[in-house]
Amino acid sequence: MWARTVLGKCNSLALFTRCNLLGSVPRISRFYEDRQAPTILSYPYLFFKNRMSTNMLNAVPSAEIDPDGTFKYILVKVYAPQTPDGTEPCKLIIRGNKRGPYHADIYDETVKKLTELKLDSECIGGGKILHNSAEKKINIFGSSQGFGKADHEVSAQILKEAFPGYDITWKDDGN
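Residues numbered from 1 in each chain as written. Predicted model: local features only at pLDDT ≥ 70, side-chain atom pairs only at ≥ 80, totals over all residues. Heavy atoms only, no water.

## Considering the overall build of the protein
And step 1. Tallying secondary structure elements over the protein gives four helices and eight strands in all.
And step 2. Element order for the protein, N to C, with α for helix and β for strand: β-α-β-α-β-β-β-α-β-β-α-β.
And step 3. The 175 residues of the protein split such that 39% are buried.
And step 4. Across the protein, contacts joining residues at least 24 apart in sequence account for 67% of those joining residues at least 6 apart. (Helix = DSSP H or I, 4+ residues; strand = E, 2+ residues; numbered from the N terminus. Buried < 20%, exposed > 50% of the residue type's maximum accessible area, 1.4 Å probe, protein only. Contact = heavy atoms within 4.5 Å.)

Right, dumping it as structure tokens:
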């Protein structure tokens with residue numbers, strides 16, 4: 001009979017269960033019937049290609065924000081090249097700075113860097129960050145007119161991992 005392969009996919013809504021903030025490494029589970037091996041690509045090859053894509057994503061920092069002040073930020077979904085088994089590993093990242101007057105300026109800068117690493121991306125929202133490094137506080141709020149409102153709860157989770165020991169809060173209202 002045939003083997004069934006269950007592969008984890010990365011969804012923006014299933015960030016914590018599938019992407020784990022570090023990219024989706026497909027978890028391959030095989031259920032054999034009559035103990036016959038399937039005729040698919042060998043497991044070591046899949047493992048190597050999936051590991052390579054995950055390493056590409058791990059090279060991208062989860063959060064890069066200015067050290068102090070109030071500035072715009074974006075939540076970006078970064079995709080590694082598709083693996084032979086059909087999955088497209090991904091990772092969510094935060095980028096924020098005072099350099100550009102618009103969220104799109106931050107995204108343009110981010111896309112340029114990701115393209116050099118041969119990674120694809122999409123901006124899934126934006127907002128503002130109030131960062132006080134002296135007091136170790138970050139407040140996330142607002143939205144982007146061009147990209148819409150980022151999921152501030154997800155953004156806060158990413159920043160908590162990138163800035164341990166910080167007091168990170170968010171709210172869905174306010175500009």
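## A word on the nonpolar core
And step 1. Among the nonpolar cores identified, the biggest contains 18 residues, and I65, I94, I129, I138, I140 and L159 are the most heavily contacted of them.
And step 2. When contributions to this core are tallied by element, the ones reaching two or more residues are β3 (63-65), β4 (68-79), β5 (90-97), β7 (137-141) and α4 (152-162).
And step 3. Looking at which element gives the most residues to this core, the answer is α4, with four residues.
And step 4. Aside from chain neighbours lying at most four places away, what touches I140 is Y73, K128, I129, H152, S155, A156, L159, I168, T169, W170 and K171.
And step 5. Ranked by size, the runner-up nonpolar core spans twelve residues in total, among them V60, V76, I93 and L114. (Core = buried A, V, L, I, M, F, W, Y, C linked by side-chain atoms within 4.5 Å.)

## Things to note about helix α3 (residues 103-116)
And step 1. With 14 residues, α3 extends 21 Å from end C-alpha to end C-alpha; this agrees with the ideal 20 Å at 1.5 Å per step.
And step 2. Along α3, the residues that are buried comprise H103, I106, Y107, T110 and L114. Across the axial projection of α3, the buried residues extend over an arc of 95°, all falling on one side. Exposed side chains of α3 directed beyond 90 degrees from the buried face belong to K112 and E116.
And step 3. One or two residues past the end of α3 sits K118, with phi positive at roughly 65°. (Expected span 1.5 Å × (residues − 1). Arc of directions from axis to C-beta.)

## Regarding the sheet that holds β4
And step 1. Taken together, six strands build an open sheet; the order of strands is β3-β5-β4-β6-β7-β8 and the sheet is mixed. Each of the sheet's edge strands pairs with one partner strand only, and the pair in question is β3 and β8 (167-170). Taking the axes of each pair of neighbouring strands and ignoring which way they run, one obtains an average angle of 25° across the sheet.
And step 2. Pairing of β3 with β5, which is carried by three bridges, proceeds in the parallel orientation. Of the residues in β5, the one forming a bridge with A63 is I94.
And step 3. Running at roughly 50° to β4, α3 makes contact with β3, β4, β5 and β6 (120-132) of the sheet. (Pairing = 2+ DSSP bridges. Axes fitted to C-alpha atoms, helices over the stretch in contact; angles between N-to-C directions.)

## Some details on the pairing of β8
Consecutive side chains along a regular strand alternate between the two faces of the sheet.
And step 1. Sheet analysis places β7 next to β8, joined by four bridges and oriented parallel. In the sheet register, I138 faces β8, and the bridge partner there is I168.
And step 2. Crossover connection from β7 via α4 to parallel β8: handedness right-handed. (Right-handed = clockwise from strand over helix to strand, strands pointing away.)

## Examining the pattern of salt bridges
And step 1. Scanning the model with the defined rule gives five salt bridges in all.
And step 2. Put simply, R99 and E109 hold a salt bridge, and the shortest N to O gap is 2.4 Å. Of this pair, R99 sits in the loop between β5 and α3 while E109 sits in helix α3, and the two are ten residues apart along the sequence.
And step 3. Measuring nitrogen to oxygen at the nearest pair gives 4.0 Å for the salt bridge that ties E109 to K113. Residue E109 and its partner K113 are located together in helix α3, separated by four residues, close to a single helical turn. (Salt bridge = Lys/Arg side-chain N within 4 Å of Asp/Glu carboxyl O.)

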